[in-house]
Amino acid sequence: MNEHISSAYDRDLEKIQALIMKMGGLVEHAILEGAKALEARDIEAAEVVRKADKIIDALEEEINEEAARTIALRAPVSKDLRTLLSVLKLASSLERVGDYAKNMAKRTSVLAEMKPINGTDAALRRMGKEVQAMLRDVLDAYVRSDVDLAENVRQRDLEVDQMYNALFREFLTFMMEDPRNITACMHMHFIAKNVERMGDLVTNMAEQVIYMVTGEMPDEDRPKGDKTSSMLTE
Amino acid sequence: MTDYKISAKGVQVYYGDNHAIKDVDVQIEDKTVTAFIGPSGCGKSTFLRTLNRMNDTIDICRVEGDIRIDGEDIYDPAVDPVQLRAKVGMVFQKPNPFPKSIYDNVAYGPKIHGLARNKSDLDEIVEKSLRKAALWNEAKDRLDAPGTGLSGGQQQRLCIARAIATAPEVLLMDEPCSALDPIATAQVEELIDELRQSYSVVIVTHSMQQAARVSQKTAFFHLGNLVEYGETDKIFTNPEDPRTESYISGRIG
């Protein structure tokens, strides 16, 4: 895409893009560090993740203001308008993902008091790693206007869903084995569910990137793998 | 089938050696506002002027191709350009009322085209036209005052009243709001939307926002070519051609 005749307009758009990338980077970091702190039961590291969420929230505010200002002053049309509308939605999704990471850190301080549930910490870290990789790719897809990469991210949510299903079963089993596991399992399950929701939000971001580039929302149904709503204890 | 008012096929316009319009095909609908947009010198005004043969007045201008209004070839030698221009009215960039009274500005066309049998007929046409142009309430008590004494926005609405007094079927507007303030512009735009009930309106504008606001169809011209023509919504949200995208989003084409 060529540059605008008004170079100040390009600078406005670039500034917003830089803010999104900064926010995205911080959220990626929060997911990784949050999962690491959880696995290590490191309360101090978890506290750092909790505090960093304030910066993420402030960035969302700043992006909203910049986008509103650009819409008011530049009357964007076509792809420029789609970009700005997408930026608002991307920032809102990132803020939610950041909240979930913060929530993981909060629960870490409670879980630190309890006996770990065999093997589930590592599974959660893998799930977090996968979501972080999806987020990194969706941000790349956004910067490069890469529809194929965005579509690839969209398809990968299925893996996160399947990891969540497996964890859900494990937690059920552990709770049935020994009621003393229930408190820890409940917290761990909330964390797993939140990471699964992060995957959904990243998927929405991928769809937003596709809309931004093509002008159309992808309509075909993507594979959905969260089966826990119909799971029973045998 | 869609109701096409104007049908142009393979239109070429030359000013001497300069090929100003290159092989333009376009179908313009009745009771629709169609906007022509494009950078200066792209041919949009030239093309507009072929639709009522205003280019006939330029010696070096040559028009080829087929332009039909209601199926009738308007370049047929049997067509009287003066009659044609009564049917295809035009409003220009700068308000250009005749140096006559408000009444006479509007009454002039119907008089020379013999559209009124008597004074009361004429009175009725003048009132109806001024009402349609949303000028009646401001002008009814000063119909004998000179048209040039009105404000710019009122003068432009007077020119619109004058154009519709001959009961045209098509109204061509060449940047009708470029000399008006935002309030007068809003009034003229409101008027264009009302005129759409009765006429096919074709408007040339440099204001992309105006094209987006008033039109249902938009045609983008570039270097004498009709690059893209379609629903205004589509042109301004997701155009097909990268040149259209570049132009409407304020980039170098």
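Residues numbered from 1 in each chain as written. Chains lettered and ligands numbered in written order. Predicted model: local features only at pLDDT ≥ 70, side-chain atom pairs only at ≥ 80, totals over all residues.

A. Representation of the overall build of chain B in the model. Each helix and strand counted, chain B has ten helices and ten strands in total. Over its C-alpha atoms chain B spans a radius of gyration of 18 Å, differing by no more than 12% from the 18 Å that the globule rule assigns to 253 residues. Viewed in the frame of its principal axes, chain B has a C-alpha envelope of about 55 × 45 × 40 Å. In chain B, which comprises 253 residues, the share counted as buried stands at 46%. By sequence separation, contacts in chain B at least 24 residues apart represent 68% of the contacts at least 6 residues apart. (Helix = DSSP H or I, 4+ residues; strand = E, 2+ residues; numbered from the N terminus. Rg over C-alpha atoms; globule rule 2.2 N^0.38 Å. Buried ≥ 20, exposed ≤ 12 C-beta atoms within 10 Å, placed from the backbone. Contact = placed C-beta atoms within 7 Å.)

B. Quick look at the overall build of chain A. Within chain A, the secondary structure is distributed over six helices and zero strands. Order of helices (α) and strands (β) in chain A, N terminus to C terminus: α-α-α-α-α-α. Taking 17 Å as the expected radius of gyration for a compact globule of 234 residues, we find that chain A reaches 19 Å, a close match to that expectation. Each of the three principal axes of chain A carries a C-alpha extent, and together these read 70 × 40 × 20 Å. When each of the 234 residues of chain A is scored for burial, the buried share is 41%. A sequence separation of at least 24 residues applies to 83% of the contacts in chain A between residues at least 6 apart.

C. Structural context of the packing of helix α3 (residues 102–112) of chain B against helix α4 (residues 119–132) of chain B. Residues and elements named next belong to chain B. Viewed as axis vectors pointing N to C, α3 and α4 meet at an angle of 115 degrees, and their least axial separation amounts to 9 Å. Judged by the sense of rotation from one axis to the other, the crossing of α3 with α4 is right-handed. Where α3 abuts α4, its residues Tyr103, Val106, Ala107, Pro110 and Lys111 lie against Leu122, Ile125, Val126, Ser129 and Leu130. (Axes fitted to C-alpha atoms, helices over the stretch in contact; angles between N-to-C directions. Left-handed = near helix turned anticlockwise from the far one by under 90°.)

D. Highlighting helix α6 (residues 152–164) of chain B. Residues and elements named next belong to chain B. Given a rise of 1.5 Å per residue, 13 residues ought to cover 18 Å, and the 19 Å separating the end C-alpha atoms of α6 matches this to within 8%. For α6, the tally of buried residues reaches twelve of 13 residues, placing the bulk of the element in the interior. Turning to α6, its buried residues are Gly153, Gln154, Gln155, Gln156, Arg157, Leu158, Cys159, Ile160, Ala161, Arg162, Ala163 and Ile164. At its buried positions, α6 is contacted by β6 (88–91), α3, α4, α5 (136–139), β7 (170–174) and α7 (182–195). (Expected span 1.5 Å × (residues − 1).)

E. Broad picture of the UniProt feature "domain: ABC transporter" (unreviewed entry) in chain B. Residues annotated by UniProt as "domain: ABC transporter" (unreviewed entry) correspond here to residues 6–248 of chain B. Taken end to end, residues 6–248 of chain B has its terminal C-alpha atoms 25 Å apart, with 37% of it in helix and 27% in strand. (UniProt positions renumbered as here; feature names shortened; annotations may be inferred.)

F. View of the sheet that holds strand β1 (residues 4–15) of chain B. All names here are of chain B. Here four strands make up an open sheet; going across it, the order is β2-β1-β4-β5 and the pairing antiparallel. Unpaired on one side and paired on the other, β2 (18–29) and β5 (72–73) mark the two borders of the sheet. Bridge count for β1 against β2 is eight bridges, and the pairing is antiparallel. Note that in β2 the partner of tyrosine 14 across the bridge is histidine 19. (Pairing = 2+ DSSP bridges.)

G. Focus on the UniProt feature "domain: PhoU" (unreviewed entry) in chain A. According to UniProt, the feature "domain: PhoU" (unreviewed entry) maps to residues 20–108 and 124–209 of chain A in the numbering used here. For residues 124–209 of chain A, the helix share is 93%, the strand share is 0%, and the end-to-end C-alpha distance is 27 Å.

H. Seen up close, the environment of valine 201 of chain B. All names here are of chain B. Inspection of the secondary structure puts valine 201 in strand β8 (residues 200–204). With 106 residues separating them in the primary sequence, valine 201 and proline 95 have C-alpha atoms 18 Å apart. In contact with valine 201, not counting residues within four places along its chain, are Val33, Leu171, Met173, Ile192, Leu195 and Arg196.

I. Summary view of the interface of chain A and chain B. The interface is formed by twelve residues belonging to chain A together with 13 residues belonging to chain B. If you tally residues by element for the side of chain A that touches chain B, the top one is helix α3 (residues 78–111) of chain A, at three residues. Its residues placed into classes, the side of chain A that touches chain B shows four nonpolar, five polar and three charged. (Nonpolar A, V, L, I, M, F, W, Y, C, P; charged D, E, K, R; others polar.)

J. How the structure looks around the sheet that holds strand β9 (residues 217–222) of chain B. All names here are of chain B. Taken together, six strands build an open sheet; the order of strands is β6-β7-β8-β3-β9-β10 and the sheet is mixed. The open sheet has two edge strands with one neighbour each: β6 and β10 (225–231). Shown here is a sheet whose adjacent strand axes are inclined to one another by a mean of 15 degrees, direction ignored. Across six bridges, the pairing between β9 and β10 is antiparallel. Bridge assignment links phenylalanine 220 to a residue of β10, and that residue is glutamate 228. Along the sheet, α6 contacts β6 and β7; its crossing angle with β6, the most-contacted strand, is approximately 170 degrees.

K. Seen up close, the packing of helix α1 (residues 7–40) of chain A against helix α4 (residues 120–144) of chain A. All names here are of chain A. Across the interface, α1 lies against α4 with an axial gap of 9 Å and an inter-helix angle of 170 degrees. Viewed along their axes, α1 and α4 adopt a mutual orientation that is roughly antiparallel. Together, Gln17, Met21, Gly24, Val27, Glu28, Ile31, Leu32, Gly34, Ala35, Lys36, Leu38 and Glu39 of α1 and Asp121, Ala122, Leu124, Arg125, Gly128, Val131, Gln132, Leu135, Arg136, Leu139 and Val143 of α4 make up the contact between the two elements. Partitioned by chemical class, the residues of the contact of α1 with α4 number twelve nonpolar, five polar and six charged. (Parallel < 35°, antiparallel > 145°, perpendicular 65-115°, else oblique.)

L. Summary view of the environment of serine 93 of chain A. Residues and elements named next belong to chain A. For serine 93, the position within the fold is in helix α3. With 26 residues separating them in the primary sequence, serine 93 and alanine 67 have C-alpha atoms 15 Å apart. Apart from the residues within four sequence positions on either side, serine 93 is in contact with Leu201, Asn204 and Met205.

M. Fine view of unusual backbone geometry. All names here are of chain B. At aspartate 23, a residue that is not glycine, the phi angle is positive and equals roughly 55 degrees. Mapped onto the elements of the fold, aspartate 23 is located in strand β2. With a phi close to 50 degrees, aspartate 70 is a non-glycine residue in the positive phi region. Of note, aspartate 70 is situated in the loop between β4 (61–69) and β5.

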